[in-house]
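If you want the building blocks of each chain, they are given just below.
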Amino acid sequence: MTRTHALGALLLCAFVGGTGWWPFRALQERGLHPLWTLGLVYAVAVLALGPSALRPGPLGGRSPLQQVLSSPPLWALGAAFGTMNAAFFWSVSIGDVIRAVLLFNLMPLWAALLAWWLLGERPTRRSGLGVALALAGAAWVLWPSDRAWEGWRSLPWPREPADGLALLGGAAFALNNVLLRRHAEQPQPAQVLAMFLGGMGVAGTVALALHAAGQLPGMPPVAPGWLGITALLSLWFLLGNCALQYGATRLPANTTSVTMLSEIVFAAASAVVLGGSQPTLAMLGGGALIFAAAWLSARTPAST
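Presented here is an overview of the structure given in this document. (Residues numbered from 1 in each chain as written. Predicted model: local features only at pLDDT ≥ 70, side-chain atom pairs only at ≥ 80, totals over all residues. Heavy atoms only, no water.)

Remarks on the overall build of the chain
Across its full length, the chain holds 14 helices and zero strands. Going residue by residue from the N terminus, the α and β elements of the chain occur as α-α-α-α-α-α-α-α-α-α-α-α-α-α. Pairs at least 24 residues apart make up 82% of the contacts formed inside the chain by residues separated by at least 6 positions. Surface accessibility of the chain: about 14,800 Å² in total, with carbon and sulfur atoms responsible for 69%. (Helix = DSSP H or I, 4+ residues; strand = E, 2+ residues; numbered from the N terminus. Contact = heavy atoms within 4.5 Å. Areas by Shrake-Rupley, 256 points an atom, 1.4 Å probe, with all protein chains shown as cover.)

Now the structure itself:
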């Protein structure tokens, strides 16, 4: 039963992540940019952690907040987590949802490179195959099918801001996971607090900078509509995080990674039903390759 509950918790987390794009679009239609939304959502999360973040550790040890403030590795973790969220949810708010989710999930490519650099994990043939599949899938998704060959201009590069943001978010997600493994000795409460602070800080800082430069509208006047959706979204994200913590601590890492791939399915299904995407052959074919690469990567043991 414990395994069943853990798998159910991971599926719930994947469902939260896969359908999270819709509230961001709904809020954007009400004048609240995704960066402001994220800043508010994670501010609520940080406040929810407030009492435990300030509580001293066992035997009078440092509180999670003190641990975060004195640990540069936790700063890096928070920055990676914040960048991942800001880039991804901005991407799905302005672009095709399925396309953004697929480009975000190029995990085998980024994870292989970052793990080799930061963890000393040498690529294996299996991980190399995963990288090749991921690259082929990305090329298929990005290949412009609506124009004749124009030399290098026709190569499968990101052509829209949403594409670049999705790729940046995926790379930051891979870095977040690698940093969690590299600094596994850090207490879990401090890691969670660092990530929530990063989610609030990166989104809020970028939003303020772009607003000051005239590139981003300010927050709209307070209204029950967007305040209510934001509050529910905060609870939704907290539920997903709690589900991830419950499931990931009770199942092998490979099982967790494979199960979380269902987020792609939830995102694609919700995008089709709610009008966030129009599937194409390139998305289906490239998506199949990216999904296969992620599944292969999740089942590949580390090599040091």
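Focus on the packing of aromatic side chains
Counted under the stated rule, the structure contains 11 aromatic pairs. Centroid distance Tyr-42 to Phe-81: 5.7 Å. Interplanar angle 85°. Geometry classified as edge-to-face. Residue Tyr-42 is located in helix α3 (residues 34-54), and its partner Phe-81 is located in helix α5 (residues 72-94); the two are separated by 39 residues in the primary sequence. Summarising the burial analysis for this pair, Tyr-42 and Phe-81 share the class buried. An angle of 70° between the planes, with centres 5.0 Å apart, marks the rings of Phe-88 and Phe-89 as edge-to-face. (Phe/Tyr/Trp six-rings, centres within 6.5 Å; stacked < 30°, edge-to-face > 60°. Buried < 20%, exposed > 50% of the residue type's maximum accessible area, 1.4 Å probe, protein only.)

A few points about the pattern of salt bridges
Under the criterion given, the structure shown has one salt bridge. Taking the shortest distance from any N to any O, the salt bridge between Asp-163 and Arg-99 comes out at 2.8 Å. Of the two residues, Asp-163 is situated in helix α9 (residues 161-182) and Arg-99 in helix α6 (residues 97-104); the sequence distance between them amounts to 64 residues. For Asp-163, a relative accessible area of 2% puts it in the buried group. (Salt bridge = Lys/Arg side-chain N within 4 Å of Asp/Glu carboxyl O.)

Quick notes on the packing of α3 against helix α10 (residues 188-212)
As a packed pair, α3 and α10 sit with axes 8 Å apart at the nearest point and diverge in direction by 145°. As α3 packs across α10, the resulting crossing turns out to be left-handed. Counted together, Leu-35, Trp-36, Leu-38, Gly-39, Tyr-42, Ala-43, Ala-45, Val-46, Leu-49 and Ala-53 of α3 and Val-192, Leu-193, Phe-196, Leu-197, Gly-199, Met-200, Ala-203, Val-206, Ala-207, Leu-208, Leu-210 and His-211 of α10 form the full contact between these two elements. Of the residues belonging to the contact of α3 with α10, the class tally is 19 nonpolar, three polar and no charged. (Axes fitted to C-alpha atoms, helices over the stretch in contact; angles between N-to-C directions. Left-handed = near helix turned anticlockwise from the far one by under 90°. Nonpolar A, V, L, I, M, F, W, Y, C, P; charged D, E, K, R; others polar.)

Thoughts on the side chain of Gln-191
The topology assignment puts Gln-191 in helix α10. A distance of 3.4 Å separates a polar side-chain atom of Gln-191 from the backbone oxygen of Gln-186. Excluding its chain neighbours within four sequence positions, the residues that come into contact with Gln-191 are Leu-74, Leu-77, Leu-180, His-183, Ala-184 and Gln-186. (Polar contact = N/O pair within 3.5 Å; in protein donor to acceptor, adjacent residues only side chain to side chain.)

Re the environment of Trp-236
Counting through the fold element by element, Trp-236 comes out in helix α11 (residues 224-248). In this structure Trp-236 comes out as partly exposed when scored by relative accessible area, which is 26%. Distance in space between the C-alpha atoms of Trp-236 and Val-16 is 6.9 Å, their sequence separation being 220 residues. Sequence-distant contacts of Trp-236, defined by excluding residues within four places in its chain, comprise Phe-15, Val-16 and Thr-19.

Quick look at helix α13 (residues 262-274)
Look at α13: 18 Å from first C-alpha to last across 13 residues, which is about the 18 Å you get at 1.5 Å a residue. Immediately beyond the C-terminal end of α13, within one or two residues, lies Gly-275, with a positive phi of roughly 80°. (Expected span 1.5 Å × (residues − 1).)

Overview of a nonpolar patch on the surface
Residues Trp-22, Val-273 and Leu-274 make up a contiguous nonpolar surface patch of roughly 340 Å² in combined accessible area. Take Leu-274: it is sitting in helix α13. Overall, Leu-274 belongs to the partly exposed group, its relative accessible area being 47%. (Patch = residues over 30% accessible without salt bridge, like charges linked within 9 Å, V, L, I, M, F, W, Y side chains within 5 Å.)

Remarks on α10
With 25 residues, α10 extends 36 Å from end C-alpha to end C-alpha; this agrees with the ideal 36 Å at 1.5 Å per step. Looking one or two places after α10, you find Gly-214, whose phi comes out positive at around 80°.

Some thoughts on the environment of Ser-270
Turning to its location among the elements, Ser-270 is positioned in helix α13. For Ser-270 and Trp-21, which are 249 residues apart along the polypeptide, the C-alpha to C-alpha distance reads 9.2 Å. Aside from chain neighbours lying at most four places away, what touches Ser-270 is Gly-18, Thr-19, Trp-21 and Gly-275.

Considering the nonpolar core
One finds Leu-38, Leu-103 and Phe-237 to be the most contacted residues of the largest nonpolar core, which totals 60 residues. Ignoring anything within four residues of it in the chain, the contact list for Leu-38 reads Phe-24, Asn-85, Ala-86, Phe-89, Gly-199, Ala-203 and Phe-237. Listed in part, the eight residues of the second largest apolar core include Ala-6, Ala-9, Cys-13 and Leu-251. (Core = buried A, V, L, I, M, F, W, Y, C linked by side-chain atoms within 4.5 Å.)

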